[in-house]
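# Structural overview
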4 protein chains.
Amino acid sequence: MEILNILQKYGIVTDLAVEAHSLVRGDAQTEIPGVIENKEKYDNAEVTTIIIENPAVGALMGKAPGTYITIDAPGLRENNPPLHDKVSEILALKIETLLKNLNISDEAEILLVGLGNWSATPDALGPRVISHVMVTRHLHKYLPQSLGPGFRPVSALSPGVMGTTGIETAEIIKGTVEKIKPACVIAIDALAATNVDRICSTIQIADTGINPGSGVGNQRMGIDINTLGIPVIAIGIPTVVNAAIIIFEAFNALKQQVPGFSRQIQEQTLHHIAEKLLEPFGGNLSVTPKEIDILIDNAALCVATALNQSLHKAVGKENAHLYLQ
Amino acid sequence: MEILNILQKYGIVTDLAVEAHSLVRGDAQTEIPGVIENKEKYDNAEVTTIIIENPAVGALMGKAPGTYITIDAPGLRENNPPLHDKVSEILALKIETLLKNLNISDEAEILLVGLGNWSATPDALGPRVISHVMVTRHLHKYLPQSLGPGFRPVSALSPGVMGTTGIETAEIIKGTVEKIKPACVIAIDALAATNVDRICSTIQIADTGINPGSGVGNQRMGIDINTLGIPVIAIGIPTVVNAAIIIFEAFNALKQQVPGFSRQIQEQTLHHIAEKLLEPFGGNLSVTPKEIDILIDNAALCVATALNQSLHKAVGKENAHLYLQ
Amino acid sequence: MEILNILQKYGIVTDLAVEAHSLVRGDAQTEIPGVIENKEKYDNAEVTTIIIENPAVGALMGKAPGTYITIDAPGLRENNPPLHDKVSEILALKIETLLKNLNISDEAEILLVGLGNWSATPDALGPRVISHVMVTRHLHKYLPQSLGPGFRPVSALSPGVMGTTGIETAEIIKGTVEKIKPACVIAIDALAATNVDRICSTIQIADTGINPGSGVGNQRMGIDINTLGIPVIAIGIPTVVNAAIIIFEAFNALKQQVPGFSRQIQEQTLHHIAEKLLEPFGGNLSVTPKEIDILIDNAALCVATALNQSLHKAVGKENAHLYLQ
Amino acid sequence: MEILNILQKYGIVTDLAVEAHSLVRGDAQTEIPGVIENKEKYDNAEVTTIIIENPAVGALMGKAPGTYITIDAPGLRENNPPLHDKVSEILALKIETLLKNLNISDEAEILLVGLGNWSATPDALGPRVISHVMVTRHLHKYLPQSLGPGFRPVSALSPGVMGTTGIETAEIIKGTVEKIKPACVIAIDALAATNVDRICSTIQIADTGINPGSGVGNQRMGIDINTLGIPVIAIGIPTVVNAAIIIFEAFNALKQQVPGFSRQIQEQTLHHIAEKLLEPFGGNLSVTPKEIDILIDNAALCVATALNQSLHKAVGKENAHLYLQ
């Protein structure tokens, strides 16, 4: 549980329940009571469903109790559009599952929220998804005849980040929710992982919303059923790894290779080295691939396609791409 | 009052009080009781202040009672940055005047709102201004030491348009205002004029907010003290003229040149011609200059500079440009 | 031929051969020797092919000799993605036809050029298409194994406009063509029509490139086989109508309704009225729909889909959407 | 010289001559014959000028012979616009110095080139600078009366990156240079440093252009006097540090703290650890601050202001901000 300690000590988070679960299980990967993990195999992806039933274990993992579905699809990083399409279908299926579990009906109104900063590429996943999804709420209200059957009312918001608005993102969302009263919010955000291997190859969908401290941004207020009063599904894709984690992972690897390392070198020395290297930005340095703009574009199209397909009965897997904006 | 009738018949508006006033005064430009008009001369601009005291006359003009300040500066259209700077100073002065009239103190929190559609250049003035202004509310709240004295808390929002969010813009603003409770909203919007000569050369500042039907967009709900519960200052610059107006203006000019024109040709014939020409877009065709992107960029920098200067005591006319983002 | 005279007198152009042909044919729509016109009906579109064989007639029409294919599809303006997809297929077919006529082989390298101004929505069609097409030239050169068979080398350039680069667009293209030596250029541009009905509902494909004076921008140098030394296919969609044309069309309609109008009112009077109304922007005012951003986005996706499909054997009509970027 | 070996082994570069010089000088910081280093102190910055006279030493440093001026101004990272303005003045001075050394006259035409990828924030410095600079070449050519005296002809190009154009950036620049024949190119690019402390706080100006392997992008062809036939001034600001360097710096710090570390642990072990951690992106992972968008915006405004001021006699330090676009 050492990395977990380091993460907590430094206020660094893994946004992925699947990583947090593995960290809590430790090297021996012992079963944790109150957490159920389940795996499915698909042609181009592996899906892990983690249900956290025990709030105490959830607190240890830094995750609220609820269902976390993780799709691992390394092919998302390849230049292979037909494969991305297959992943999108799996994602659509899982979004439908969570909506059903939450008893959100096929006609219920949904508000999509793209979290993150449009102007900082690694943080731009949310707003880019929003720019591609179909928005129908105003047509339902003012031009119903322009929509065929099978389209539910969907609205979409990219509220920006506190650094450019001066306002906590959750305040804008809560204010809007109170006015338009949707049945459910689906929030899309760029995540931080602890392993570069997950960057733009893992998708997490959770019915727990977004909780304080989570995400690349600095939302101090949660975006969940507690703050908004309605269920929040969160869709996230890791786009960065915190730079401090890379350094600690390097030290950890060294420990395993060098007998007596832990005896010779104090934890404090390692922290001191990491801190000096990451000054003057402190915990705010991220590791991200150079081609992040292409990876995020692909990921955003994949999520937007899945949303169009899962939210509207009239959109099927064969024509979901046509409805991208 | 013929053009005015046409405008009203076709649901076309002039967003400018100065135009509406002139139309109501008619060819003879008779005084209208309940409306005060006042002119000032500056080196590079002429300023007209119209105070509408009588609600009935306001209704005739399509304008709420209140103060409308119009800055006419044809030089704003020229490639002459030092001149734009002079206009910006006049604008800053007038914003300060309105804030003072409304009893908004130097420390009171202000929410800036950029109305309009980032992706449609003639409608992008509001969001472009927002991208240039200084935002300080979060610093006041979380990092007060990073701000020197003389900076008030300012937040900024570009809520998008109903066509892309599915939500009435006023709902998002009202929701946010209820959460963060600023003392005043300043809303920036692209306007429609009835004369191409005013495009990107006129700036209107009003203490009445934005009222239904006004603006290039289609805000059905007002953005004013009635809907938000706090004063709303509206800053607008015309960027388009409705295409129907251009046609009617051409017919009007013809009438004045051709004796007997009005006898020979029925109003209905003219309307029929205009309608046929503007199909299939109806009233939704705008006339705009080809270089609108450059004109709007200049106008946005001019407004943002004036806002930085008028909202923060620490920013003077000599250093206002440094604070553009 | 009156409108044509007006157009020429004012230096206003129609970029559409189909409009120029109709104007030259006059009210009686008489056959013009040296011009062949041909019509096909499709489910959601009508296709007109005009072959200008006689350079003298071409000069009268303001068009270089060559083949001009016009797809008229009013459905492109509707919110109907499956219909857009059908139009895209027709466009792909016609691009293939022109490439074949020009003897450009399936493996030959092609340079796509997005003309126009990214920052001015009505002029942004070209750059938006470029942002969606698949680019493969560098993969062919440096990572051939990452491409399956059936993908030809395609490069793509959005050279900007003279107002922001200070350079004639044709110079940048010619310089690049001389370095990378493609077999053919396909240039995409926003056009000006004489009828608002054609805005974002007509697509023109021509094997003549882009000739001086044509297009919304002000390219003084042609972008054609004469300047580049290789064939140039031009794909254009009208996004504006010159404001002067709207006024003259209104006057023309009046003439037809009012007996004796032409006797009573001199042409010069009409020109004087139009000139006064359009000051201070002269010929540089355009009429464009308010929702131009959505119309152009749809049009850009339609063209990009057709390009992906027609340029790469590996991309068929059933999977062309997957390859949009 | 160990880090230098690591950098070379892994094909990782430091783009900064000042870092390369320090690395070559080693721990003892011995003088290197054929390299002259010179320091100046300013109020808010320190300037280091390195002249590499000896090509062999240059090769060791991975730098072409020539003059490299480095401005270190940690205040560039602070939210302090007046301080940025001071740094901008120093930069303007140094650009003027290099232009003078190269015998470029006050009237000579200059082409500004913004290298890098507009869509990937850490790589977007070049295109963002280009969007802010004043472009005058077309006015000189077609509208000379619209420009007062004291403005030289300046053009500007953001050619994009090979990943989106399919074309080597140097080919587009070379093609354009051959057409418009400027006297000098000034290329702006985001750089990679070896120390996070330099991110957005160091500016390097060099008269050597951009040489193969340098920069965040992958320009295989140089952009210098050899390839273009005219002098190239390169302005660069570090925006990232390669993730591999962070890991090796951590190991190096450990070596200094732990006696016997080098004996106990083989270099190969360290490389193996680093390689495993950075899979699957290999050398292509960068470390960058979360607020990179704000840092780059400030840096771009600073460089654009300095360019406007140093290139045009009519623009002085007191009014340079007014000419930002």
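Keep in mind it's a predicted model, so treat the numbers as computed, not measured.

### Thoughts on the overall build of chain A
Of regular secondary structure, chain A possesses 13 helices and nine strands. Rg of the C-alpha trace for chain A: 20 Å, near the compact-globule value of 20 Å for 325 residues, within the 12% margin. Once the C-alpha set of chain A is aligned to its principal axes, its extents read approximately 75 × 45 × 40 Å. Going through the 325 residues of chain A one by one, you find that 64% of them count as buried. Of the contacts formed within chain A by residues at least 6 apart in sequence, a portion of 71% connects residues at least 24 apart. Considering chain A, the positive charge centre built from 24 side chains and the negative charge centre built from 34 side chains are found 2 Å apart.

### With respect to the environment of E31 of chain B
Residues and elements named next belong to chain B. Looking at where E31 falls in the secondary structure, it is placed in the loop between α2 (17-25) and β1 (35-41). For E31, a relative accessible area of 65% puts it in the exposed group. For the pair E31 and H21, spaced ten residues apart in the sequence, the C-alpha separation amounts to 9.7 Å.

### Quick notes on the relation of the copies chain C and chain B
Each copy of the sequence occupies a distinct position, and chain C is placed on chain B by a rotation of 180° and an axial shift of 0.0 Å, giving an RMSD of 0.0 Å. Both copies of the chain, as the preceding transformation shows, are related through a two-fold rotation axis. Residues of chain C ranked by C-alpha distance from the rotation axis are headed by V287 of chain C, positioned 2.2 Å from it. A high fraction, 100%, of the interface residues of chain C reappear at the interface in chain B, so the copies pair face to face through one surface.

### Section: the packing of helix α4 (residues 81-101) of chain C against helix α13 (residues 292-311) of chain C
Residues and elements named next belong to chain C. For the pair α4 and α13, interaxial distance at closest approach is 8 Å and the crossing angle is 45°. For the element pair α4 / α13, the angle class is oblique. For the pair α4 and α13, the crossing hand works out as right-handed. Contacts between α4 and α13 involve H84, V87, S88, E89, L91, A92, I95, E96 and L99 on the former and, on the latter, N298, C302, V303, T305, A306, L307, Q309, S310 and L311. Classifying every residue of the contact of α4 with α13 by side-chain character gives ten nonpolar, six polar and two charged.

### Re the relation of the copies chain C and chain D
Of the transformation placing chain C onto chain D, the axial shift is 0.0 Å and the rotation is 180°, giving an RMSD of 0.0 Å. An overlap of 100% is found between the interface residues of chain C and their copies at the interface of chain D, pointing to a shared contact surface.

### Regarding the interface of chain C and chain B
Facing the 43 residues of chain C at the interface are 43 residues of chain B. Together chain C and chain B conceal approximately 3700 Å² of surface at their shared face, both sides included; 69% is due to carbon and sulfur atoms. Across the chain C-chain B interface, the total number found is zero salt bridges. In this assembly, chain C and chain B are joined by eleven residue pairs in polar contact (both at pLDDT 80 or more). Taken together, the elements giving at least two residues each to the side of chain C that touches chain B come down to α10 (243-257), α11 (261-264), α12 (267-278), β9 (285-289) and α13 of chain C. Here the element with the most residues in the side of chain C that touches chain B is α10 of chain C; it accounts for nine residues. Residue composition of the side of chain C that touches chain B, grouped by class: 25 nonpolar, ten polar and eight charged. Relative to β9 of chain C, strand β9 (residues 285-289) of chain B is paired through five bridges, and the arrangement is antiparallel. Bridge pairing in β9 of chain C places V287 of chain B opposite V287 of chain C.

### A short note on helix α5 (residues 125-132) of chain A
Residue and element names in this part refer to chain A. Of all eight residues in α5, seven are buried, a share of seventy percent or more. Among the residues of α5, those classed as buried are L125, G126, P127, R128, V129, I130 and H132. In the core, the buried residues of α5 are packed alongside β4 (110-114), β5 (154-157), β6 (184-193), β8 (232-242) and α13 (292-311).

### What about the interface of chain C and chain D?
The interface is formed by 24 residues belonging to chain C together with 24 residues belonging to chain D. Surface buried jointly by chain C and chain D totals about 2100 Å² across both partners, of which 59% is contributed by carbon and sulfur atoms. The salt bridge partner of E178 of chain C is K179 of chain D, with a shortest N-O separation of 2.9 Å. There are eight residue pairs in polar contact (both at pLDDT 80 or more) connecting chain C and chain D.

### Description of the side chain of K63 of chain C
All names here are of chain C. The residue K63 is located in the loop between α3 (55-61) and β3 (66-72) in this model. Salt bridges are absent for the buried K63, whose nearest opposite-charge side chain, D15, sits at 5.0 Å. Here T14 takes part through its backbone oxygen, which lies 3.2 Å from a polar atom of the side chain of K63.

### So, the side chain of T48 of chain A
Residues and elements named next belong to chain A. With respect to the helices and strands, T48 occurs in strand β2 (residues 46-52). We classify T48 as buried; its relative accessible area is 0%. Here K39 takes part through its side chain, which lies 3.1 Å from a polar atom of the side chain of T48. When near neighbours in sequence (up to four residues on either side) are disregarded, T48 contacts V18, E37, N38, K39, Y68, I69 and T70.

### Focus on the pattern of salt bridges
One pass over the full model with this rule turns up 64 salt bridges over all chains. When salt bridges that share partners are traced, they join R25, E31, E37, K39, K41 and E46 of chain A into one network.

### Some details on the environment of L143 of chain C
Along the chain, L143 of chain C turns up in the loop between α6 (137-142) and β5 (154-157). The spatial distance from the C-alpha of L143 of chain C to the C-alpha of A59 of chain C is 47 Å, given a sequence separation of 84 residues.

### A look at the pairing of strand β4 (residues 110-114) of chain B
All names here are of chain B. Counting buried positions along β4 yields five of five residues, so the element is predominantly enclosed. Neither face of β4 is open: one carries I110, L112 and G114, the other L111 and V113, and all of them are buried. Summarising the sheet, β4 and strand β6 (residues 184-193) pair through five bridges and their orientation is parallel. The residue of β6 that forms the bridge with G114 is I188.

### Considerations on the pairing of strand β7 (residues 202-206) of chain A
Residues and elements named next belong to chain A. Burial analysis of β7 places five of its five residues in the buried class, which makes it a mostly covered element. Side-chain alternation along β7 places T202, Q204 and A206 on one buried face and I203 and I205 on a second face that is also buried. With five bridges connecting them, strand β3 (residues 66-72) and β7 associate as antiparallel partners. Along β7, the bridge assignment pairs I69 with I205.

### Brief notes about the confidence of the model for chain A
All names here are of chain A. For chain A, per-residue confidence averages 91 on the pLDDT scale, and residues scoring 70 or more make up 94% of the total. Here residues 214-219 is modelled with pLDDT under 50, and outside its nearest four sequence neighbours on either side it reaches 15 contacts, counting other chains as well. Confidence metrics for the complex model read pTM 0.95 and ipTM 0.93.

### Quick notes on the packing of helix α8 (residues 169-180) of chain C against helix α8 (residues 169-180) of chain D
At a minimum axis separation of 7 Å, α8 of chain C and α8 of chain D run at an interaxial angle of 120°. For the element pair α8 of chain C / α8 of chain D, the angle class is oblique. Two packed elements cross with a definite hand, and for α8 of chain C against α8 of chain D that hand is right-handed. Residues E171, I172, K174, G175, T176, E178, K179 and I180 of chain C of α8 of chain C lie in contact with α8 of chain D, whose contacting residues are E171, I172, K174, G175, T176, E178, K179 and I180 of chain D. Each residue belonging to the contact of α8 of chain C with α8 of chain D can be placed in one class, and the counts come to four nonpolar, four polar and eight charged.

### Details of helix α8 (residues 169-180) of chain B
Residue pairs spaced three or four apart in an α-helix point in one direction, given the helix's 3.6 residues per turn. Residues and elements named next belong to chain B. In this model, α8 (twelve residues) spans 17 Å end to end at C-alpha, consistent with the 16 Å of a helix rising 1.5 Å per residue. Across the twelve residues of α8, nine count as buried, placing the element largely inside the fold. Within the span of α8, buried status applies to T169, A170, E171, I172, I173, G175, T176, V177 and I180. K181 sits one or two residues past α8 and shows a positive phi near 50°.

### Quick word on the environment of V232 of chain B
Here V232 of chain B is to be found in strand β8 (residues 232-242). Here the alpha-carbon distance between V232 of chain B and K179 of chain B, two residues 53 residues apart in the chain, equals 17 Å.

Rules and cut-offs
- Residues numbered from 1 in each chain as written.
- Chains lettered and ligands numbered in written order.
- Predicted model: local features only at pLDDT ≥ 70, side-chain atom pairs only at ≥ 80, totals over all residues.
- Heavy atoms only, no water.
- Helix = DSSP H or I, 4+ residues; strand = E, 2+ residues; numbered from the N terminus.
- Rg over C-alpha atoms; globule rule 2.2 N^0.38 Å.
- Buried < 20%, exposed > 50% of the residue type's maximum accessible area, 1.4 Å probe, protein only.
- Contact = heavy atoms within 4.5 Å.
- Lys, Arg positive; Asp, Glu negative; His and termini not counted.
- Charge placed at Lys NZ, Arg CZ, Asp CG, Glu CD.
- Least-squares fit on C-alpha atoms with pLDDT ≥ 70 in both.
- Axes fitted to C-alpha atoms, helices over the stretch in contact; angles between N-to-C directions.
- Parallel < 35°, antiparallel > 145°, perpendicular 65-115°, else oblique.
- Left-handed = near helix turned anticlockwise from the far one by under 90°.
- Nonpolar A, V, L, I, M, F, W, Y, C, P; charged D, E, K, R; others polar.
- Buried area = accessible area lost by both parts, 1.4 Å probe.
- Salt bridge = Lys/Arg side-chain N within 4 Å of Asp/Glu carboxyl O.
- Polar contact = N/O pair within 3.5 Å; in protein donor to acceptor, adjacent residues only side chain to side chain.
- Pairing = 2+ DSSP bridges.
- pLDDT = per-residue confidence, 0-100.
- Expected span 1.5 Å × (residues − 1).

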